[in-house]
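So the chains spell out like this:
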Amino acid sequence: MDLIHALMLVGGLALAAHTTWQHLGRSPAARRWTRTVQGDLTRRSVLVVRPLLSVVLVLGALTAFTEGSTGANVAVAGPIAIALVVLLAYLVLPLPVPRVVQPRWYRHA
């Protein structure tokens with residue numbers, strides 16, 4: 001694994017950990033994103049954009065292990081492509097945040 005793949009892995013895991021902390025919302029600091037002025041933009045970022053970005057980074061780091069294997073490359077590239085398309089859609093279009101990704105505490109607040 002070279003440096004770029006290692007940085008992608010560390011960055012993706014760090015982003016996933018931070019987003020999971022916010023999603024669980026077990027402390028007032030973790031729930032602070034619900035009270036921001038940006039509203040829907042922050043909600044979309046925490047619940048959709050950042051998780052998708054962390055998936056892209058972690059899967060991108062896994063490409064270091066798929067070199068020379070066409071099947072493995074396709075197995076990793078497919079989910080990366082899907083995540084990037086959905087990520088782009090949420091960045092460009094005013095799509096609503098799906099209820100399935102909203103934490104229970106957030107839906108009932």
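Residues numbered from 1 in each chain as written. Predicted model: local features only at pLDDT ≥ 70, side-chain atom pairs only at ≥ 80, totals over all residues. Heavy atoms only, no water.

Colleague: Now, about the overall build of the protein chain: what can you tell me, with residues and values included?
Modeller: The secondary structure content of the protein chain amounts to 4 helices and 0 strands. The secondary structure elements of the protein chain, listed N-terminal to C-terminal, are α-α-α-α. Each principal axis of the C-alpha atoms in the protein chain carries an extent, and together these give about 50 × 25 × 20 Å. Going through the 109 residues of the protein chain one by one, you find that 29% of them count as buried. Here the analysis covers contacts within the protein chain between residues at least 6 apart in sequence; of these, 72% occur between residues at least 24 apart. Carbon and sulfur atoms provide 69% of the accessible area of the protein chain, an area that totals close to 6,900 Å². (Helix = DSSP H or I, 4+ residues; strand = E, 2+ residues; numbered from the N terminus. Buried < 20%, exposed > 50% of the residue type's maximum accessible area, 1.4 Å probe, protein only. Contact = heavy atoms within 4.5 Å. Areas by Shrake-Rupley, 256 points an atom, 1.4 Å probe, with all protein chains shown as cover.)

Colleague: Lay out the packing of aromatic side chains with the relevant residues and their values.
Modeller: Using the criterion set out here, one finds 3 aromatic pairs in the structure. Judged by centre distance (5.9 Å) and plane angle (70 degrees), the ring pair of Trp 33 and Trp 105 falls under edge-to-face. Note that Trp 33 is positioned in the loop between helix H1 (3-24) and helix H2 (40-62) and Trp 105 in helix H4 (residues 104-107), a separation of 72 residues in sequence. Judged on exposure class, the residue Trp 33 and its partner Trp 105 are both buried. In textbook terms, an aromatic cluster arises when at least three aromatic residues are bridged by ring pairs, as seen for Trp 33, Trp 105 and Tyr 106. (Phe/Tyr/Trp six-rings, centres within 6.5 Å; stacked < 30°, edge-to-face > 60°.)

Colleague: Can you break down the environment of Leu 87 residue by residue, with the values?
Modeller: The residue Leu 87 is located in helix H3 (residues 70-92) in this model. Spatially, the C-alpha atoms of Leu 87 and Arg 50 are 8.9 Å apart, while their sequence positions differ by 37 residues. Aside from chain neighbours lying at most four places away, what touches Leu 87 is Val 49, Leu 52 and Leu 53.

Colleague: Now, about the nonpolar core: what can you tell me, with residues and values included?
Modeller: Counting 13 residues, the largest nonpolar core has Trp 33, Leu 47, Val 48, Leu 52 and Tyr 106 as the members making the most contacts within it. If one sorts the elements of this core by residue count, H2 sits on top with 6 residues. Residues contacting Tyr 106, with those up to four places away along its chain left out, are Trp 33, Thr 34, Arg 43 and Leu 47. (Core = buried A, V, L, I, M, F, W, Y, C linked by side-chain atoms within 4.5 Å.)

Colleague: Tell me about the pattern of salt bridges, and name the residues and values.
Modeller: Note on pairing: side chains with opposite charge can pair once their charged atoms come close. Evaluated as defined, the whole model comprises 1 salt bridge. Of the charged contacts, one joins Arg 43 and Asp 40 as a salt bridge, the two residues approaching to 3.7 Å between their closest N and O atoms. Placement of both Arg 43 and Asp 40 in helix H2 is noted, with a separation of 3 residues, approximately one turn of the helix. When its relative accessible area of 24% is taken as the criterion, Arg 43 is described as partly exposed. The class for Asp 40 is partly exposed, based on a relative accessible area of 38%. (Salt bridge = Lys/Arg side-chain N within 4 Å of Asp/Glu carboxyl O.)

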